[in-house]
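Examining the three-dimensional arrangement
Below, each chain spelled out in residue letters.
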Amino acid sequence: MMKQYRSGNVQAVVIWTLVIALLLGFAIGSFSAASRARAAVADAEALAAGIAPSPVVTSARYDKANEALVLRVFNPGLVPLRLIDQSLVFKPGAASKQEAYALAAVPLGVDLAPLSVVEVKLDLKPKSEKLEVGDVLAASISYVHPYSKDFYTLTHVFSVTKEAAAGKEQKEPKQPQMNKPKQEKGGK
Amino acid sequence: MTVLLAILWWLLLFLAAWGLAVGIAFATPQELAMLLGFAGFMLIAGRLVYGYGGLAAFAEAALGGKEPDRARAEAEARVPEPEKLGLAALAGMWLAALEPYRYAFYAVYLLLLLVVLAGKLVVPLPSMWSWITGTTLIEGVFWGASIVALLVWALGAAATALSAQLASSAVGEAAAEG
């Protein structure tokens, strides 16, 4: 009597083929999805690299000794920016003896690489009085980026509080803010 | 009825061609590599696919008591006097004649597997992300080839199993007679 073949089972072949086909289909689907995800990420990166976002002032500080307003400016995008010049508008508070003045277009010439932070020093008007509590400074920086010939402007409002007058760093809140005017108090 | 079926057939064919065209147009390069890998390995494996398919059909017909395609089996078996062989012996000879093609196919497939594994493990990778997704073109070729390899394995195993069944049933008959 001849020995029977153990592999003579077509049902087993069919079942194993279905199991392997399921696994193979999962692997191939994953590979295909991964290639699509990769292409989508590459597209998004290319898009993000082409959009020039606005630089963000993360903190401001009054440098008493050098009579300067020091801004830390962050470039959140993937496009290099160049800060061209600055201008300051000064609104004196009640404690100040100075008159209001505007100081425009003082050259700056700072390059701001993608995803980096620079400190920009805005010199206040020489021989002016020190900043007092209640003063408000509006510091504007104009900047350009390589995708446009236009000039853009960033304006940062710096209110001189007691700590700010002492030279303490004034950090910007990390929460999203819409820069809406504050609601009027009182009323009825 | 025949006209209706013909219309349905051509409609389905048109839809399939349209789907294929759209799929190719929107495919990523890796998916195209997969398609090319499938087509290329299908060319290599054509002999095996049709051979094992024909052999499985031959053995199934013989087991079911129907008239198998003996002329084709005699042409495929590659023995000096195939007309003198019984059905089980003919199936066995046909299976043996396909063996070199099977080895060649698996050799090429394993070579490709080694290349893909080397690319995964040996080549220094620029980032974790590219290692996880790992979408190289050669890997696409490998996955396309894997479909063909599964097809070849399944058809070969089925043909072997059916031939073995045929042989054991023939042996059983011979033992019962003798």
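Residues numbered from 1 in each chain as written. Chains lettered and ligands numbered in written order. Predicted model: local features only at pLDDT ≥ 70, side-chain atom pairs only at ≥ 80, totals over all residues. Heavy atoms only, no water.

Positive phi, close to 55°, is recorded for Glu67 of chain A, a residue that is not glycine. Counting through the fold element by element, Glu67 of chain A comes out in the loop between β1 (56-63) and β2 (68-74). Judged by its relative accessible area of 15%, Glu67 of chain A falls in the buried class. A positive phi angle, close to 60°, is found at Arg78 of chain B, a residue other than glycine. Structurally, Arg78 of chain B is set in the loop between α3 (70-77) and α4 (87-97). (Helix = DSSP H or I, 4+ residues; strand = E, 2+ residues; numbered from the N terminus. Buried < 20%, exposed > 50% of the residue type's maximum accessible area, 1.4 Å probe, protein only.)

Turning our attention to the nonpolar core. Formed by 36 residues in total, the largest nonpolar core has its most connected members in Phe41, Leu55, Phe58, Phe105, Trp143 and Val152 of chain B. Contributing elements (two or more residues each) for this core: α1 (10-50) of chain A together with α2 (29-63), α3, α4, α5 (99-121) and α7 (137-177) of chain B. In this structure Trp143 of chain B touches Leu24, Ala27, Ile28 and Phe31 of chain A together with Met34 of chain B, once residues within four positions along its chain are discounted. Counting 27 residues, the second largest nonpolar core, distinct from the first, contains Leu137, Ala139, Val160 and Ala165 of chain A. (Core = buried A, V, L, I, M, F, W, Y, C linked by side-chain atoms within 4.5 Å. Contact = heavy atoms within 4.5 Å.)

All names here are of chain A. Taken in spatial order, the four strands of this open sheet run β5-β2-β1-β8, and their pairing is antiparallel. The sheet terminates laterally at β5 (117-123) and β8 (170-171), the two strands that pair on one side only. Looking at chain direction, β1 and β8 are connected through two bridges and run antiparallel. The residue of β8 that forms the bridge with Ser59 is Lys171. (Pairing = 2+ DSSP bridges.)

On to the side chain of Ser116 of chain A. Looking at the element boundaries, Ser116 of chain A is found in the loop between β4 (101-112) and β5. From its side chain, Ser116 of chain A meets the backbone oxygen of Ala113 of chain A in a polar contact 2.6 Å long. (Polar contact = N/O pair within 3.5 Å; in protein donor to acceptor, adjacent residues only side chain to side chain.)

Next up on the list: the interface of chain B and chain A. Listed as interface residues are 28 residues of chain B and, on the opposing side, 23 residues of chain A. Between chain B and chain A, the buried area comes to about 2,200 Å², and carbon and sulfur atoms account for 76% of it. On the chain B side of the contact with chain A, Thr135, Trp143 and Leu150 of chain B bury the most area, a combined 22% of that side's loss. Remark: the boundary between chain B and chain A carries one salt bridge. Across the pair Glu31 of chain B and Arg36 of chain A runs a salt bridge whose closest N-O atoms are separated by 2.8 Å. Our count for the chain B to chain A interface comes out at four residue pairs in polar contact (both at pLDDT 80 or more). Mapped onto the side of chain B that touches chain A, the elements with two or more residues apiece are α2, α6 (128-133) and α7 of chain B. (Buried area = accessible area lost by both parts, 1.4 Å probe. Salt bridge = Lys/Arg side-chain N within 4 Å of Asp/Glu carboxyl O.)

The next subject is the packing of α1 of chain A against α2 of chain B. Between two packed helices, what matters for the description is the angle formed by their axes and the separation of those axes. In contact at an axis separation of 8 Å, α1 of chain A and α2 of chain B are set at 145° when each is read in the N-to-C sense. Note on element contacts: α2 of chain B touches α1 of chain A through Gln30, Glu31 and Met34 of chain B, opposite Ile28, Phe31, Ser32, Ser35 and Arg36 of chain A. Across the contact of α1 of chain A with α2 of chain B, the residue classes tally to three nonpolar, three polar and two charged. (Axes fitted to C-alpha atoms, helices over the stretch in contact; angles between N-to-C directions. Nonpolar A, V, L, I, M, F, W, Y, C, P; charged D, E, K, R; others polar.)

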